[in-house]
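Here's the letter readout for the chains.
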Amino acid sequence: MAREAPPPAADPADPAADPADPAADPADDDDRALLRRIRSHPLRRFLGPPRSYVLTRFVLLRLLGLVYFIAFFSLARQLGPLLGPQGLLPADRFLERLVDVTGSPGAAFRRLPTLFLWLGASEGVLLAAAWAGVALSLAVCAGVTSAIVQLALWALYLSFVHIGQVFYGYGWEHQLAETGFLAIFLCPLRGFRPFRSPPPPVVVIWLFRWLIFRIMLGAGLIKLRGDPCWTDLTCLVYHYETQPVPSPLSYYLHQLPAWAHAVGVLFNHLVELVVPWFAFGPRRARHVAGVFLVLFQAMLIASGNLSFLNWLTIVPAIACFDDGALGRLFPARLRERAAALAEQLSPSRAHRIAAALLAVLVLCLSVNPVMNLLSPRQAMNATFDSFGLVNTYGAFGSVGRERYEVILEGTRDEAPGEGTRWIEYELPCKPGDVRRRPCLITPYHYRLDWQIWFAAFGSYESEPWLVHLVYKLLSGDAGAQRLLARNPFPDAPPRHIRAELYRYSFTRVGDGSGAWWRRVRVAEYLPPLSVDDPSLLRFLAAYGWLPASRALTPPRDELDGVERAP
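Note that the structure is a prediction, hence the values are computed from the model and not measured.

Caption draft 1: Seen up close, helix α7 (residues 123-141). Across its 19 residues, α7 extends 27 Å between first and last C-alpha, which sits within 8% of the 27 Å expected from 1.5 Å per residue. Residues L126, A129, A130, G133, V134, S137 and V140 constitute the buried set of α7. With its buried residues spanning 145° around the axis, α7 presents them on a single face. Of the surrounding secondary structure, the elements contacted by the buried residues of α7 are α3 (54-83), α4 (91-102), α6 (116-119) and α8 (147-161). Once α7 ends, the next one or two residues include G143, with phi positive near 90°.

Dropping the structure here:
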């Protein structure tokens, strides 16, 4: 008769295991053996024991809600003058052209998914959607959210990005959309209080780490490949002065000696090229990486007005921390509540399946972004699918050595001449008056200020919206005037407006000038134009910005180069 095998030894980590129990289920023994093998696996020892992420989700969603709020609020405030039917780049006409090119609304949606193909793009609809985004994002900040709320925020913002044209052509627009899409899977489908819901699937946390890894590594690699000043450690000598919208601290950082700028570049390379790898490392390494990533973004927030980019980049960096690390920032009552949730509840089967499908989707869509990261011809900010679910990012792949500004000037004179008195227009935040202190407006985004900074790199032919802005100011358009810091012609619009190109540079601290900037006129950017100038009217009519009945056909325009077909 064969000897009976002895019962398996009890797992000391499992108090429920009782080797003396003759009724023990062999299947339970197999499960415990599998659990022991998982716990003893080298990868598990490397990563550490499982952690909970209830507090991580708490912080991440609220910070994302804040970014969404700023994005939708600044959109609602500037929407009409920029994208409304009477705006600089009307969204309704853009959608009409898109449908004409693609052949149908469905084909247009497949190319550029936006709800406004079906809702219309009247100013009322656009404003209602923007203020709905404001309301939903405030709810998220207050802790009231769900997968449905996050889905609505993502769909609304992506819809605006796809009709925003050049005013929404910045890399952080798709970064917010990608971050928002991942956030859908952090939340349960039912209920509106994630803090009272089961913890999120851990795979979603890892996808946020994958996002911060791509953001930071892409930014670091594009610098090494894009501009030699990043390798000779001199980029910060120019950056603080030439970035789009400097802050007050930018002025003082610019005064630092060359060795300090070199140290700053080295720190930049450390955080963007080395630190991201530790987001996938053991617990302590992840926490150190998270501290570096958040600290770096805080430094960028202080040293420049880069819209909500750096605030947004902190969101996936929060995924480097678990509840044990973030719990130190919370009162004991909330820590205990989060621990009880993590111990008593687990994600539903449907939530786990959805998270697993998301991981497969992100894995498949990551092929092109990874190939881009490896390519010597790396694109700085690019999307590879129409929804922009997995993208590639980068910033300041090239750094300007000098700062140029386009300055709009108006006059009431009937016929401008050598003795004409020109009065400058001031935008809310971009350099103009040399005695005006640089502003600090991050995370708010003045989109016209940014876009006119880009205009200085080329000519008005490449930025036709600028000519449209001039026409609206000549016409006394109230919407265009709202985009200004102040209107120098409050009683009646000027008779002529021109644009001049200036080179700006910071003054030195203590030079006695009382100014923040020095400037030198470089060239004429746009010749003086009047509201009834035939060449101006033909230019606008060619872009569909003026009724055809108002456009003059012959004679040819007197201002060479102003008339241009799109």
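Moving on from the coordinates now.
Caption draft 2: Structural context of the pairing of strand β3 (residues 403-411). Burial analysis of β3 places 8 of its 9 residues in the buried class, which makes it a mostly covered element. With 9 bridges connecting them, β3 and strand β5 (residues 496-506) associate as antiparallel partners. Directly across from V406, in β5, lies its bridge partner L501. Here 2 bridges tie β3 to strand β4 (residues 423-424), and the two strands are oriented antiparallel to one another. Counterpart to G410 in the pairing with β4 is I423.

Caption draft 3: Looking closely at a positive patch on the surface. Together, R193, R196, R333 and R337 give the surface a local cluster of positive charge. Position of R333 relative to the elements: it lies in helix α17 (residues 332-344).

Caption draft 4: Structural detail: the pattern of salt bridges. In this structure the tally under the stated criterion is 14 salt bridges. The shortest N-O distance in the salt bridge between E426 and R436 comes to 3.6 Å. Taken together, the positions of E426 in the loop between β4 and α20 (447-455) and R436 in the loop between β4 and α20 put the pair 10 residues apart, joining distant regions of the chain. Residue classification places E426 among the buried positions, given a relative accessible area of 8%. What makes R436 partly exposed here is its relative accessible area of 25%. Connected through shared salt-bridge partners, E409, R498, E500 and R521 make up one network.

What counts and how
- Residues numbered from 1 in each chain as written.
- Predicted model: local features only at pLDDT ≥ 70, side-chain atom pairs only at ≥ 80, totals over all residues.
- Heavy atoms only, no water.
- Helix = DSSP H or I, 4+ residues; strand = E, 2+ residues; numbered from the N terminus.
- Expected span 1.5 Å × (residues − 1).
- Buried < 20%, exposed > 50% of the residue type's maximum accessible area, 1.4 Å probe, protein only.
- Arc of directions from axis to C-beta.
- Contact = heavy atoms within 4.5 Å.
- Pairing = 2+ DSSP bridges.
- Patch = residues over 30% accessible without salt bridge, like charges linked within 9 Å, V, L, I, M, F, W, Y side chains within 5 Å.
- Areas by Shrake-Rupley, 256 points an atom, 1.4 Å probe, with all protein chains shown as cover.
- Salt bridge = Lys/Arg side-chain N within 4 Å of Asp/Glu carboxyl O.
- Lys, Arg positive; Asp, Glu negative; His and termini not counted.
- Charge placed at Lys NZ, Arg CZ, Asp CG, Glu CD.

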